[in-house]
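Structural features, examined
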Amino acid sequence: MAARGGLRAPSVGVGGTGAGLERGERGPGARPERSSHADEIGVVYGGRRGPVRALDEDTDFEGSDEVRDPANAKALRKKRRRVQLGVKLGKLHLLTLLLEQHLQICVVGSGPAGFYTAQHLLKHHPQAHVDIYEKQLVPFGLVRFGVAPDHPEVKNVINTFTQTARSARCAFRGNVVVGRDVAVPELRAAYHAVVLSYGAEDHRALEIPGEELPGVFSARAFVGWYNGLPENRELAPDLSCDTAVILGQGNVALDVARILLTPPEHLEKTDITEAALGVLRQSRVKTVWIVGRRGPLQVAFTIKELREMIQLPGTRPILDPADFLGLQDRIKEVPRPRKRLTELLLRTATEKPGTEDAARQAPASRAWGLRFFRSPQQVLPSPDGRRAAGIRLAVTRLEGVGEAARAVPTGDTEDLPCGLVLSSVGYKSRPIDPSVPFDPKLGVIPNMEGRVVDVPGLYCSGWVKRGPTGVIATTMTDSFLTGQMLLQDLKAGLLPPGPRPGYAAIEALLSSRGVRPVSFSDWEKLDAEEVSRGKGAGKPREKLLDPQEMLGLLGR
Ligand SMILES: Cc1cc2nc3c(=O)[nH]c(=O)nc-3n(C[C@H](O)[C@H](O)[C@H](O)COP(=O)(O)OP(=O)(O)OC[C@H]3O[C@@H](n4cnc5c(N)ncnc54)[C@H](O)[C@@H]3O)c2cc1C
Ligand SMILES: NC(=O)c1ccc[n+]([C@@H]2O[C@H](COP(=O)([O-])OP(=O)(O)OC[C@H]3O[C@@H](n4cnc5c(N)ncnc54)[C@H](OP(=O)(O)O)[C@@H]3O)[C@@H](O)[C@H]2O)c1
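Conventions used here
- Residues numbered from 1 in each chain as written.
- Chains lettered and ligands numbered in written order.
- Predicted model: local features only at pLDDT ≥ 70, side-chain atom pairs only at ≥ 80, totals over all residues.
- Heavy atoms only, no water.
- UniProt positions renumbered as here; feature names shortened; annotations may be inferred.
- Helix = DSSP H or I, 4+ residues; strand = E, 2+ residues; numbered from the N terminus.
- Contact = heavy atoms within 4.5 Å.
- Areas by Shrake-Rupley, 256 points an atom, 1.4 Å probe, with all protein chains shown as cover.
- Near = heavy atom within 4 Å.
- Polar contact = N/O pair within 3.5 Å; in protein donor to acceptor, adjacent residues only side chain to side chain.
- Pairing = 2+ DSSP bridges.
- Axes fitted to C-alpha atoms, helices over the stretch in contact; angles between N-to-C directions.
- Phe/Tyr/Trp six-rings, centres within 6.5 Å; stacked < 30°, edge-to-face > 60°.
- Buried < 20%, exposed > 50% of the residue type's maximum accessible area, 1.4 Å probe, protein only.
- Lys NZ or Arg CZ within 6 Å of the ring centre and 35° of its normal.

Going by an unreviewed UniProt entry, the protein carries the name NADPH:adrenodoxin oxidoreductase, mitochondrial and comes from Puma concolor. A UniProt comment under Sequence similarities (unreviewed entry) is attached to the protein, and it reads "Belongs to the ferredoxin--NADP reductase type 1 family." Of the comments in the UniProt record for the protein, the one headed Pathway (unreviewed entry) reads "Steroid metabolism; cholesterol metabolism."

Quick look at the structure:
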């Protein structure tokens, strides 16, 4: 693979951990810091300073025999001046080349994966220019449309993403659906490398009869609804029933349960949409069952989220002590986070609540409970067949132990009456373009540490790379790793040499297709509008839900 004349990666950040390197720090084995142009050139040539070194100002003339001979002295002084001039011109030339040779990178998706990948590339390659394409009019992916409104501290990552987006070497291109408005091969032709960071936009189906009945929603749609995802703004779930069932025992299930049960006045100062708050104020849901096909040792939620549930005002937990029999002995063997989580479950199920908890729970009018060893088998219809009225659960037992234990049906079933079924069994990525390999079983783009298998110059990061699990911090680490792999490939000469047009080529294509991207400063206008609309109600923002209205506000 040709490297000569092509783009080269700086040595900074490559070979180190990337994520751990701060400005000015270098990976293991790198040369000490210098601050001149020579340093920049050295960096760009990956530390191979041969040609530049031969013309360096440090070249030793004074000690040579030629200099000691007076007849040669004048000619040598001239030669030295010529060489020094050559050095200066050489450096200037190299610098000019570098400035011309931007590394053009395209990132698809502006969630944590897209932004962290961009951040890594911009930080570790001084000539990188990153365009982030996003299908929505607004950035930040699940940080805006997934993270619960009562977890505002999690959304602080937006400040870091905003800094990245404001970099002169980064551009946000919203309102562009990759795979529809522009094809991946077109992006690959315009950029040196393309990173797919488009997340997991779908939900995993239950694949059981009755799943399509009114009253059954994916947790993904429900979360999108309360968080103002435009495609879910019409969801209007009917919360006039007494009991809701959530299938799945992950953190999304707990988010949904918490939002259903939190007294609405506690959500009023969050960025939940006013429409969702209106529906929640009218809610008659009193009991929420969170159903898992395996046991207490296999729940997928984490301790912080469980604690929030236990402490939720106006609610009490319902845990069956029988589910926890014999667990006390087994938790000694499990890893510490799982041990602490199970101990909390065990205490809640088997011990009398402390004074504070008891005082909070006594007047509680709402309850939530965990049901274990139950796998969804069928959504039961109401007598008129027009909506969900319950769920049939297959009773299960475990085969195997620990995290890897499998739920197998015992043959028994249990019917649980409910008017609302929320399926929270995981998100799912979709294939984006026929030219991009996709593993439909795992729901990921096949890759080796972020390098898309068999497609040079194509990379992936985030949920579409590793599947739809992991918090923002996990996504950050994996996105930095993808960035690192890309820069390693660049250094090895595996990316196309010569300049690439980048956005100039794509802009022309989009314009010919009637697509008008929005910029980051457009988002900042929408952001200001949202913040101003929220002010009156004491909310951090009132999210804009209608893309047409948003475009109108941008004068389109
Ligand atoms: C409900 C929920 C709550 C969560 N809460 C937390 C939490 O409190 N704390 C925490 O640490 N983690 C939380 N997470 C996990 C966290 O959100 C993920 O780790 C992270 O968002 C994954 O990042 P991503 O960039 O891969 O995907 P996403 O955040 O989904 O970003 C993908 C982006 O790609 C865009 N896109 C999709 N298709 C296209 C296309 N064809 N063209 C252009 N753009 C496209 C999408 O619009 C989106 O903006 C939560 C997850 C969920 C589902
Ligand atoms: N506050 C936070 O930090 C926060 C909030 C929300 C989400 N997140 C993160 O986002 C990621 C996604 O969360 P998630 O809750 O969607 O996924 P998850 O953690 O993978 O949980 C999915 C749940 O669905 C169950 N399940 C899967 N397939 C099933 C089936 N066919 N039938 C019955 N049950 C099934 C799983 O059970 P099995 O284990 O038996 O498969 C598991 O209990 C997680 O990493 C999560 O931590 C974090």
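Once that is clear, we can look at the overall build of the protein. When its secondary structure is counted, the protein shows 20 helices and 18 strands. Partitioning the intrachain contacts of the protein with sequence separation of at least 6 by distance along the chain shows that 74% fall at a separation of at least 24. Of the roughly 26200 Å² that the protein leaves accessible, carbon and sulfur atoms contribute 54%.

Looking at ligand 2, there are 20 residues lining it, with Gln249, Arg293, Arg294, Glu305 and Gly470 nearest. For ligand 2, an oxygen atom lies 2.8 Å from a polar atom in the side chain of Arg294. One nitrogen or oxygen atom from the main chain of Gly470 is found 2.6 Å from an oxygen atom belonging to ligand 2. Starting from 920 Å² of accessible surface for ligand 2 in isolation, the protein chains cover 79%. It is helix H10 (residues 251-261) that provides the largest number of residues to the shell around ligand 2, a total of three residues.

Bringing the UniProt feature "binding site: FAD" (unreviewed entry) in the protein into the picture now. Under the UniProt annotation, "binding site: FAD" (unreviewed entry) lies at Ala113, Glu134, Leu142, Val178, Trp463, Gly470, Val471 and Ile472. With respect to the secondary-structure elements, Glu134 resides in the loop between strand S2 (128-133) and helix H6 (142-145). Ignoring anything within four residues of it in the chain, the contact list for Glu134 reads Gly109, Ser110, Phe172, Arg173, Gly174, Asn175 and Val176. Mapped onto the elements of the fold, Trp463 is located in helix H16 (residues 463-466).

To continue, consider the sheet that holds strand S13 (residues 406-417). With respect to topology, three strands assemble into an open sheet ordered S11-S12-S13, the strand pairing being antiparallel. Every other strand in the sheet has two partners, leaving strand S11 (374-381) and S13 as the edge strands with one partner each. Each strand of the sheet is rotated relative to its neighbour by a mean of 20°, with strand direction disregarded. Direction of pairing for strand S12 (residues 388-399) relative to S13: antiparallel, over a ladder of nine bridges. Counted as the bridge partner of Glu399 is Arg406 from S13.

This paragraph deals with the packing of aromatic side chains. Per the stated rule, a full pass over the model turns up 14 aromatic pairs. For the ring pair Phe324 and Phe372, a centre distance of 5.8 Å and an interplane angle of 90° mean the geometry is edge-to-face. With Phe324 in the loop between strand S9 (315-318) and helix H13 (327-330) and Phe372 in the loop between strand S10 (366-371) and S11, the pair connects residues that are 48 residues apart, well separated along the chain. With respect to class, Phe324 is no different from Phe372; both count as buried. Each residue in the set Phe115, Tyr116, Phe140, Phe161, Phe172, Phe480, Phe520 and Trp523 is aromatic and connected to the rest through ring pairs, giving one cluster. Positioned above the aromatic ring of Tyr503, the side-chain terminus of Arg173 is 3.4 Å from the ring centre.

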